[in-house]
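# Residue-level structural notes
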Amino acid sequence: MSEHHHGDGHGHHHDNHFTDMEARVKALETVLTEKGLIDPEAIDAIVETYETKVGPRNGARVVAKAWSDPEFADWLKRDATAAIASLGFAGRQGEHMRAVFNTPDTHNLVVCTLCSCYPWAVLGLPPVWYKAPPYRSRAVIDPRGVLAEFGLELSAEKKIRVWDSTAELRYLVVPERPEGTEGFSEDALAELVTRDSMIGTGLALSPEAAR
Amino acid sequence: MNGPHDLGGQHGLGPIAPEKDEPYFHAEWEKRALGITLSCGAFGAWTLDESRHARESLPPPIYLSASYYEIWVRALETLLKRHGFITQAELDTGHMLEKGREPKRVLKAEMVAGVLATGGPCDRPVDRPPRFAVGQTVRTKNFNPKTHTRLPRYARAKVGVVEAVQGSFVFPDDNAHGKGENPQWLYTVVFDAGEIWGEGADPTLTVSIDAWESYLERV
């Protein structure tokens with residue numbers, strides 16, 4: 001934020017929308033703090049949680065385990081919430097998890113056309129594009145066009161299944177395990193699992209691409 | 001409601017523009033917006049469904065041009081005023097002017113880890129069996145309520161197949177308006193793209209929604 005309001009602040013300097021929002025949120029936070037309705041340190045703790053603890057590395061560990069352990073993969077298919085919780089990932093926007101597995105025949109893609117539903121417990125906070133109108137409008141009608149914008153071209157025969165998160169179920173895509181990863185440890189496999197591959201807008205990385 | 005939020009199938013909204021190495025936040029105020037929104041949600045004064053409805057009730061030009069954190073902030077101001085915690089005059093001056101309603105709970109820093117780890121499960125038992133079974137063909141209802149619903153416009157009056165019975169969940173169409181949780185069975189219903197989009201639809205595409213029982217009719 002390098003631009004600031006000057007003078008009366010009305011009418012002349014509204015070209016920087018972010019500056020307006022900064023003032024708006026500051027006013028809101030000040031009022032709520034003065035009224036004892038919020039604890040600014042709680043806000044810091046929430047932000048720290050999603051900056052450092054809850055993010056897509058959680059989901060990558062789930063996927064890597066599913067690739068390595070057929071029993072876990074089976075549990076994940078049957079009861080994703082419990083299987084994921086067994087790795088310590090649970091809570092807000094992960095209360096009711098479903099895992100959907102890509103196969104040689106079918107590619108899965110997750111969207112929330114109505115708002116911004118996203119599996120926070122395994123992927124953290126959603127990226128801006130996931131919550132914005134272009135992705136939300138087109139994922140259900142033109143997923144191939146959407147994927148092309150992410151640089152992903154699927155073969156013409158590949159089936160595409162789009163999951164619109166209209167209720168409280170939160171979907172995690174389990175991408176296909178890349179070739180050439182036999183004998184990889186779970187840690188090494190997790191390095192190949194990108195956030196986008198767990199939304200469906202990407203694939204897991206090949207070992208060469210990850211290097 | 002047929003609001004600006006119901007975006008599935010719209011054209012002309014521009015490129016997706018994925019951002020390489022996107023930061024968690026694009027400005028400091030976004031961090032505060034996240035924390036304030038979650039903190040105020042912890043009051044227990046409104047439901048997640050009511051907050052979704054407050055967001056989709058923003059004027060369409062604002063909804064479509066705002067970032068999601070801005071949508072959150074604007075809707076939160078509405079909720080805080082509606083439930084008597086703050087006034088518009090306080091927002092205008094940026095300071096407390098009068099004592100407002102007291103919440104059941106104020107989220108303190110030491111409570112954050114526990115609250116985030118617990119979340120807010122929305123599954124509730126119901127005392128009747130599911131009306132539809134896996135594999136059954138169903139038609140979604142055609143309706144256009146002015147109130148909150150989670151049946152998107154593109155999936156109304158469409159024939160699909162029940163793929164899973166997902167349990168029973170709080171019914172958002174009632175819960176958003178203070179009419180109680182009234183849980184219902186929830187189903188994953190899958191549609192061929194041709195049924196939804198008609199001529200020119202991608203023949204390899206299927207789309208599913210999660211639909212509450214009252215959204216569905218027998219075929």
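### Concerning the overall build of chain B
Summing up its helical and strand segments, chain B has eight helices and five strands in all. Walking chain B from its N terminus toward its C terminus, one meets helices and strands in the order α-α-α-α-α-α-β-β-α-β-α-β-β. Projected onto its principal axes, the C-alpha coordinates of chain B cover approximately 60 × 45 × 35 Å. Going through the 219 residues of chain B one by one, you find that 39% of them count as buried.

### Thoughts on the nonpolar core
The nonpolar side chains of a soluble globular protein tend to be buried with one another. In terms of nonpolar packing, the biggest core is built from 114 residues, with I46, V63, V162 and L172 of chain A touching the most fellow members. By residue number, the principal contributor to this core is helix α4 (residues 68-82) of chain B, which donates eight residues.

### Concerning the interface of chain B and chain A
Reports of interface size often rely on the accessible area that becomes lost once the parts have come together. Between chain B and chain A, the contact holds 71 residues from the first and 66 residues from the second. For the side of chain B that touches chain A, the secondary-structure elements that each account for two or more residues are α1 (28-41), α2 (48-56), α4, α5 (88-93), α6 (112-118), β2 (159-169) and β4 (205-212) of chain B. Broken down by element, the residue count for the side of chain B that touches chain A peaks at 10 residues, all from α1 of chain B. For the side of chain B that touches chain A, the per-class residue count stands at 38 nonpolar, 18 polar and 15 charged. Two elements, strand β3 (residues 159-164) of chain A and β4 of chain B, share five bridges in a ladder whose sense is parallel. Within the sheet, the bridge partner assigned to W163 of chain A lies in β4 of chain B and is S208 of chain B.

### Focus: the domain arrangement of chain B
All names here are of chain B. Looking at chain B, the domain boundaries give domain 1 (28-118) and domain 2 (137-218). A separation of 29 Å is found between the C-alpha centroids of domain 1 and domain 2. Taken together, the contact between domain 1 and domain 2 spans five residues of the former and four residues of the latter. Tallied by class, the residues present in the side of domain 1 that touches domain 2 amount to no nonpolar, two polar and three charged.

### Structural notes on the environment of A201 of chain B
All names here are of chain B. Here A201 lies in the loop between α8 (193-197) and β4. What makes A201 partly exposed here is the crowd of 16 C-beta atoms within 10 Å. Sequence-wise, A201 and I71 are 130 residues apart; in three dimensions their C-alpha atoms are separated by 32 Å. The contact partners of A201, leaving out residues within four places of it in the chain, are A193 and G194.

### Let's talk about the sheet that holds β4 of chain B
Pairing is mixed in the open sheet, where seven strands are placed in the order β2(A)-β3(A)-β4(B)-β3(B)-β2(B)-β1(B)-β5(B). Only two strands of the sheet have a single neighbouring strand rather than two, namely β2 (106-111) of chain A together with β5 (216-218) of chain B. Averaged over all pairs of adjacent strands, the angle between their axes in this sheet comes to 35 degrees, without regard to strand direction. Relative to β4 of chain B, strand β3 (residues 184-192) of chain B runs antiparallel, the two sharing seven bridges. Among the inter-strand pairings, L186 of chain B is bridged to a residue of β4 of chain B, identified as W212 of chain B.

### A word on the pairing of β4 of chain B
Within a regular beta strand, the side chains point alternately toward one face of the sheet and then the other, so they alternate between its two faces. β4 of chain B sits mainly inside the fold: eight of its eight residues count as buried. A two-sided burial pattern is seen for β4 of chain B, the buried positions comprising L205, V207, I209 and A211 of chain B on one face and T206, S208, D210 and W212 of chain B on the other.

### A few points about the packing of helix α2 (residues 40-53) of chain A against α1 of chain B
How two helices sit against one another is set out by the angle between their axes and by the gap between those axes. Contact pair α2 of chain A / α1 of chain B: the axes reach a minimum separation of 8 Å and the direction vectors enclose 110 degrees. Put simply, α2 of chain A runs roughly perpendicular to α1 of chain B. For the pair α2 of chain A and α1 of chain B, the sense of crossing is right-handed. Together, A42, I43, I46 and V47 of chain A of α2 of chain A and K31, R32, L34, G35, I36, L38 and S39 of chain B of α1 of chain B make up the contact between the two elements. Tallied by class, residues from the contact of α2 of chain A with α1 of chain B come to seven nonpolar, two polar and two charged.

So, how was this worked out
- Residues numbered from 1 in each chain as written.
- Chains lettered and ligands numbered in written order.
- Predicted model: local features only at pLDDT ≥ 70, side-chain atom pairs only at ≥ 80, totals over all residues.
- Helix = DSSP H or I, 4+ residues; strand = E, 2+ residues; numbered from the N terminus.
- Buried ≥ 20, exposed ≤ 12 C-beta atoms within 10 Å, placed from the backbone.
- Core = buried A, V, L, I, M, F, W, Y, C linked by C-beta atoms within 7 Å.
- Contact = placed C-beta atoms within 7 Å.
- Nonpolar A, V, L, I, M, F, W, Y, C, P; charged D, E, K, R; others polar.
- Pairing = 2+ DSSP bridges.
- Domains from an automatic or database assignment.
- Axes fitted to C-alpha atoms, helices over the stretch in contact; angles between N-to-C directions.
- Parallel < 35°, antiparallel > 145°, perpendicular 65-115°, else oblique.
- Left-handed = near helix turned anticlockwise from the far one by under 90°.

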